[in-house]
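One-letter residues, chain by chain:
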Amino acid sequence: TNVILGRLNNQSTLRSCLKFFTKEERYHALSLLDRFGVSETALQRAETLSGGQQQRVAICRAMMQEPKIVLADEPIASLDPLNARLVMESLLSINREEKITVISNLHTLDTARTYCDRVIGMRQGEVVFDAPSSDLTDEMAREIYGAEADEAFEGSITSTSLGNAPKQAVG
């Protein structure tokens, strides 16, 4: 139900209030849950899921809308390393397989380098770096942020775009 609710804009109010979903909508939702590794949670309430499972269900709900762009605001905040990897791999999969642009805020340069083609670094509202992620060396990170590339940057906004447009991260 949580995933199918991503189609609310295509349903009547009465139909969505009664939770009347077509067989095709149910199949599509289940196939998305399966694709992102959370099909076993299909009958669970969202509040019973782990943080990583909740994030992947949210990605499935977004995919039900058949978006042209996915905006992911700190998609791995407060997730353990395994779930952070699964969520970022899910977003990368959407980009690579569906050719959908994904823009994400991230707070670690290591994650941006791993999953993004392009990084846009910001400091005090100004763009201070805009280049392929491979150009963001540890030395460059120290120069821009005064920190090592694998450290979290408090107060920074990192936007990562994985998509038809080059992937990018803003930090």
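Remember, predicted model here, so these are calculated numbers, not experimental data.

A. Quick peek at helix α3 (residues 51–64). For α3, with 14 residues, the first-to-last C-alpha span of 20 Å sits near the 20 Å given by 1.5 Å per residue. Residues of α3 that are buried include every one of G52, Q53, R56, V57, I59, C60, M63 and M64, and no others. Each buried residue of α3 lies within a common arc of 155 degrees when the element is viewed along its axis, so the set occupies one face. Among the structural elements, α2 (23–35) and α4 (81–98) are those in contact with the buried residues of α3. The positive-phi residue at the C-terminal boundary of α3 is E66, with phi of around 50 degrees.

B. Layout of the nonpolar core. The biggest cluster of nonpolar side chains holds 38 residues, and the ones touching the most others in it are V3, F36, I59, M63, I76, L91 and I94. Counting residues per element, this core draws most heavily on α4, at six residues.

C. Spatial organisation of unusual backbone geometry. Here the phi dihedral of S78 falls at roughly 65 degrees; this positive angle occurs in a residue that is not glycine. With respect to the helices and strands, S78 occurs in the loop between β1 (69–72) and α4. For S78, a relative accessible area of 81% puts it in the exposed group. For K99, which is not glycine, the phi torsion reads 60 degrees and is therefore positive. Within the secondary structure, K99 is located in the loop between α4 and β2 (101–105). Residue classification places K99 among the exposed positions, given a relative accessible area of 53%.

D. Molecular detail of the pattern of salt bridges. Overall, the coordinates contain seven salt bridges when judged by the stated rule. Among the salt bridges present, the one from R85 reaches E89, with a minimum N-O distance of 3.0 Å. Linking R85 with E89, this pair stays in helix α4, spanning four residues, or about one helical turn. Residues R96 and D117 are paired through a salt bridge, measuring 3.9 Å at the closest nitrogen-oxygen approach. Residue R96 is found in helix α4, and its partner D117 is found in the loop between α5 (109–115) and β3 (118–123); the two are separated by 21 residues along the sequence. With relative accessibility at 40%, the residue R96 sits in the partly exposed group. A network of salt bridges, in which partner residues are shared, links R35, E97 and E98.

E. How the structure looks around the pairing of β3. As paired strands, β3 and strand β4 (residues 126–132) are joined by six bridges and run antiparallel to one another. By the bridge assignment for β4, M122 is matched with V127. Between β3 and β4, which pair antiparallel and follow one another directly, the connecting turn spans two residues, one of which, Q124, has a positive phi of 50 degrees.

F. Region of interest: the packing of α2 against α3. At a minimum axis distance of 9 Å, the contact between α2 and α3 shows a crossing angle of 140 degrees. Taken together, the axes of α2 and α3 lie oblique to each other. Crossing geometry of α2 relative to α3 is assigned as right-handed. Where α2 abuts α3, its residues E25, H28, A29, L32 and L33 lie against V57, C60, M63 and M64. Each residue belonging to the contact of α2 with α3 can be placed in one class, and the counts come to seven nonpolar, one polar and one charged.

G. Focus on the packing of α3 against α4. Where α3 meets α4, the closest approach of the two axes is 8 Å, and the angle between their N-to-C directions is 20 degrees. Viewed along their axes, α3 and α4 adopt a mutual orientation that is roughly parallel. Crossing hand, α3 versus α4: right-handed. Contacts from G52, Q53, Q55, R56, I59 and M63 of α3 reach α4 at N83, L86, V87, S90, L91, I94 and E98. Among the residues forming the contact of α3 with α4, the class breakdown is six nonpolar, five polar and two charged.

Calculation rules
- Residues numbered from 1 in each chain as written.
- Predicted model: local features only at pLDDT ≥ 70, side-chain atom pairs only at ≥ 80, totals over all residues.
- Heavy atoms only, no water.
- Helix = DSSP H or I, 4+ residues; strand = E, 2+ residues; numbered from the N terminus.
- Expected span 1.5 Å × (residues − 1).
- Buried < 20%, exposed > 50% of the residue type's maximum accessible area, 1.4 Å probe, protein only.
- Arc of directions from axis to C-beta.
- Contact = heavy atoms within 4.5 Å.
- Core = buried A, V, L, I, M, F, W, Y, C linked by side-chain atoms within 4.5 Å.
- Salt bridge = Lys/Arg side-chain N within 4 Å of Asp/Glu carboxyl O.
- Pairing = 2+ DSSP bridges.
- Axes fitted to C-alpha atoms, helices over the stretch in contact; angles between N-to-C directions.
- Parallel < 35°, antiparallel > 145°, perpendicular 65-115°, else oblique.
- Left-handed = near helix turned anticlockwise from the far one by under 90°.
- Nonpolar A, V, L, I, M, F, W, Y, C, P; charged D, E, K, R; others polar.

Keep in mind these values describe shape, not function.
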